[in-house]
Amino acid sequence: MPSVCARISVRDPSPIQVFAINAFAVSPIAFPILDLMSVSSTRSQPETRFRSWLRLHDQDLADRAKEDIESTDELSSGVLKVSTSQFRALHNTAKMCATLTDLRRFIRKRGERRRASGQSSKADYWDTLLSKLSSVQDDFADPAVQACDVPAADSDSIRHKTFDERTAHLLAVRRYIEHFATHCQYVSQRDG
Amino acid sequence: MPNTSIRTADDARQVIQRRIDEDVDGRSDAYILYDNYQVKPLARAASDCFGTDSNGRPNRTQMRKLERVALSASTYSEILNYVKSQAGRDTRTGEEWRHRGFAYDLHNQLEDVRSEAEGRAEKILDGIERALLKVYQQEDESKSDAEKRLSNWVRHEMRLRCVQRYVGHLAAEYAYFVSDAYADTPGA
């Protein structure tokens with residue numbers, strides 16, 4: 001296989017090399033091998049493109065998380081009231097949740113419970129975080145999905161079955177939460 | 001005379017990467033040489049924070065961990081998040097990091113190094129020739145998209161590399177400061 005790859009990547013192939021590549025391409029063994037190569041090649045996969053995008057835009061997500069905490073009243077005051085263990089719980093839950101719906105449910109329940117027990121500022125903190133997730137999806141995840149050609153969630157493409165729009169959104173939101181929870185933890189000790 | 005060896009996007013990437021490396025190498029010594037980067041005061045503050053272990057030897061674990069995190073990080077925020085999460089812990093380790101505001105000073109210093117690195121990234125981007133950008137540009141990509149992609153990449157590389165170097169210097173300075181070699185230095 002490496003020798004085949006090396007021959008195909010030759011920039012200016014000689015006529016003999018062209019003949020060899022063409023002969024290989026029409027041979028019965030070519031189709032399964034070339035198909036395997038295209039599937040295993042990560043270079044053009046949407047998931048690879050998206051993960052690369054996420055790495056290059058990680059700082060933007062970190063800046064957004066910091067800005068959200070410091071410029072939103074519900075968050076900047078709530079961060080001093082919510083206990084540190086909750087930030088760790090948020091961070092760990094975001095890592096473990098398989099879908100964005102699960103993560104949203106976790107945060108929504110936190111808010112509902114605090115409101116039911118009369119802790120309105122803590123409830124506001126969780127509700128505001130929930131609304132921030134939607135704006136992260138709109139401002140970061142959606143453009144990234146488009147830029148990286150990530151297939152839609154209802155796509156029936158077998159090749160992209162494991163990575164679609166929903167997964168991309170989850171990864172972006174998860175990264176945001178990581179920055180958000182860490183900054184909350186830091187601020188609560190610094191200003192608390 | 002145009003450089004004919006730059007024919008593919010990978011070639012262009014290598015040329016730009018070399019410019020980033022040269023800039024980071026050139027700047028690295030400044031972190032040690034100039035006082036405004038606070039490497040020495042922060043290293044001394046770290047030795048105050050982390051103290052000694054039960055055998056009376058310097059407790060190097062935290063600084064070693066910081067250096068390891070920095071060297072293996074793929075983004076700048078991984079390094080900063082590590083400092084933040086250590087400072088945000090409500091345990092003895094957290095108290096050590098917050099002792100006399102060490103974690104906050106380190107956080108602010110890393111942010112300063114980052115913003116300076118981003119400023120220099122802009123200069124590198126300004127110096128990229130039109131021909132080089134054209135090679136870097138992908139076939140199905142507009143010029144503005146290619147510029148944006150290039151800008152994100154250069155800024156990311158500069159942030160990460162500069163802060164990695166800075167933390168490397170800080171960890172080395174700390175190791176020297178807590179070592180016997182420093183105690184034997186005249187005037188120490």
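Since the model is a prediction, treat every value here as computed from it, not as a measurement.

Definitions and cut-offs
- Residues numbered from 1 in each chain as written.
- Chains lettered and ligands numbered in written order.
- Predicted model: local features only at pLDDT ≥ 70, side-chain atom pairs only at ≥ 80, totals over all residues.
- Heavy atoms only, no water.
- Helix = DSSP H or I, 4+ residues; strand = E, 2+ residues; numbered from the N terminus.
- Contact = heavy atoms within 4.5 Å.
- Areas by Shrake-Rupley, 256 points an atom, 1.4 Å probe, with all protein chains shown as cover.
- Lys, Arg positive; Asp, Glu negative; His and termini not counted.
- Charge placed at Lys NZ, Arg CZ, Asp CG, Glu CD.
- Buried < 20%, exposed > 50% of the residue type's maximum accessible area, 1.4 Å probe, protein only.
- Phe/Tyr/Trp six-rings, centres within 6.5 Å; stacked < 30°, edge-to-face > 60°.
- Lys NZ or Arg CZ within 6 Å of the ring centre and 35° of its normal.
- Patch = residues over 30% accessible without salt bridge, like charges linked within 9 Å, V, L, I, M, F, W, Y side chains within 5 Å.
- Salt bridge = Lys/Arg side-chain N within 4 Å of Asp/Glu carboxyl O.
- Buried area = accessible area lost by both parts, 1.4 Å probe.
- Polar contact = N/O pair within 3.5 Å; in protein donor to acceptor, adjacent residues only side chain to side chain.
- Nonpolar A, V, L, I, M, F, W, Y, C, P; charged D, E, K, R; others polar.
- Axes fitted to C-alpha atoms, helices over the stretch in contact; angles between N-to-C directions.
- Parallel < 35°, antiparallel > 145°, perpendicular 65-115°, else oblique.
- Left-handed = near helix turned anticlockwise from the far one by under 90°.
- pLDDT = per-residue confidence, 0-100.

Enquirer: It is not clear to me how the overall build of chain B should be interpreted in this structure. Could you clarify?
Expert: Each helix and strand in chain B was counted, giving 9 helices and 0 strands. Considering only C-alpha atoms, chain B reaches an extent of 65 × 40 × 25 Å along its principal axes. For chain B, the proportion of contacts with a sequence separation of at least 24, taken over those separated by at least 6, is 72%. Just so you have it, chain B exposes about 10000 Å², and 45% of that area is on carbon and sulfur atoms. Charge separation in chain B, taken as the distance between the mean sites of 29 positive and 32 negative side-chain charges, equals 1 Å.

Enquirer: Would you mind going over the environment of G192(A) with me for this structure?
Expert: All names here are of chain A. Among the structural elements, G192 can be located in the segment after helix 10 (165-191). Here G192 falls in the exposed class, since its relative accessible area comes to 77%. On a C-alpha basis, the gap between G192 and V79 in space is 8.8 Å, while along the polypeptide they are 113 residues apart. Leaving out residues up to four positions away in the same chain, G192 has contacts with L80 and V187.

Enquirer: How should the packing of aromatic side chains be read in this particular structure?
Expert: The way to describe two aromatic rings as a pair is by their centre distance and the angle between their planes. Using the criterion set out here, one finds 14 aromatic pairs over all chains in the structure. With a centroid separation of 6.0 Å and 20° between ring planes, the pair formed by F50(A) and W53(A) is classed as stacked. Separated by 3 residues within a single helix, F50(A) and W53(A) lie in helix 4 (residues 46-56), roughly one turn from each other. With respect to burial, F50(A) and W53(A) carry one shared label: buried. Three or more aromatic residues joined by ring pairs make a cluster, and in this case those are F87(A), Y125(A), W126(A), Y176(A) and F180(A). Sitting over the face of the ring of W153(B), R13(B) holds its NZ or CZ atom 4.4 Å from the ring centroid.

Enquirer: It is not clear to me how a nonpolar patch on the surface should be interpreted in this structure. Could you clarify?
Expert: Residue and element names in this part refer to chain B. On the surface, a nonpolar cluster with roughly 300 Å² of combined accessible area is contributed by I32, L33 and Y34. Inspection of the secondary structure puts I32 in helix 1 (residues 9-33). I32 sits in the partly exposed class, given a relative accessible area of 31%.

Enquirer: What's the story with the interface of chain A and chain B in this structure? I'm lost.
Expert: Where interface size is given, it is often the accessible area lost as the parts come together that is meant. At the interface, 20 residues of chain A touch 23 residues of chain B. Sorting the residues of chain A by area buried against chain B places L56(A), Q59(A) and Y186(A) first, and these three jointly supply 33% of that buried surface. Between K66(A) and E111(B) there is a salt bridge whose closest N-O contact spans 3.4 Å. Counting the contacts that link chain A with chain B gives 11 residue pairs in polar contact (both at pLDDT 80 or more). Elements supplying a minimum of two residues to the side of chain A that touches chain B: helix 4, helix 5 (58-71), helix 7 (84-96) and helix 10 of chain A. Ranked by the residues each element gives to the side of chain A that touches chain B, the list is headed by helix 10 of chain A, at 8 residues. For the side of chain A that touches chain B, the class distribution of residues is 3 nonpolar, 8 polar and 9 charged.

Enquirer: Would you take a moment to explain the pattern of salt bridges for this structure?
Expert: Note that side chains of opposite charge can pair when their charged atoms are close. Taken as a whole and assessed by the stated rule, the structure comprises 27 salt bridges over all chains. A salt bridge links R114(B) to D63(A); the nearest nitrogen and oxygen atoms lie 3.0 Å apart. Of the two residues, R114(B) is situated in helix 6 (residues 102-126) and D63(A) in helix 5; the pairing between them involves two chains. The salt bridge involving D23(B) is made with R120(B); its shortest N-O contact spans 2.7 Å. Placement of D23(B) in helix 1 and of R120(B) in helix 6 is noted, with a sequence separation of 97 residues between them. Residue classification places D23(B) among the partly exposed positions, given a relative accessible area of 22%.

Enquirer: Looking at this structure, I do not really get the packing of helix 5 of chain A against helix 9 (residues 120-147) of chain A. What am I missing?
Expert: When two helices pack together, you describe them by how their axes are tilted relative to each other and by the distance separating the axes. Residue and element names in this part refer to chain A. In contact at an axis separation of 12 Å, helix 5 and helix 9 are set at 150° when each is read in the N-to-C sense. Viewed along their axes, helix 5 and helix 9 adopt a mutual orientation that is roughly antiparallel. In this structure, helix 5 meets helix 9 at a crossing whose hand is right-handed. Facing D60, L61, R64 and D68 of helix 5, the residues of helix 9 in contact are K132, S135, V136, D139 and F140. Classifying every residue of the contact of helix 5 with helix 9 gives 3 nonpolar, 1 polar and 5 charged.

Enquirer: Help me understand the confidence of the model for chain B in this model?
Expert: Regions with low pLDDT should not have their predicted coordinates read in detail. On average, residues of chain B carry a pLDDT of 91, and 94% of them reach 70 or more. Ranking the elements of chain B by mean pLDDT puts helix 9 (residues 180-183) of chain B last, at 68, and helix 4 (residues 76-87) of chain B first, at 97.

Enquirer: Where do I start with unusual backbone geometry in this structure?
Expert: In most cases, non-glycine residues show a negative phi, while peptide bonds are predominantly trans. Despite not being glycine, D149(A) has its phi angle at roughly 55°, a positive value. Owing to a relative accessible area of 55%, D149(A) belongs among the exposed residues under this scheme.

Enquirer: How should a positive patch on the surface be read in this particular structure?
Expert: Side chains of R88(A), K95(A), R64(B), K65(B), R68(B) and R89(B) sit close together on the surface and give a patch of like positive charge. Counting residues per element, the ones that place at least two in the positive patch are helix 7 of chain A together with helix 3 (61-72) of chain B. No other element matches helix 3 of chain B, which puts 3 residues into the positive patch. Here R88(A) lies in helix 7. For R88(A), a relative accessible area of 32% corresponds to the partly exposed category.

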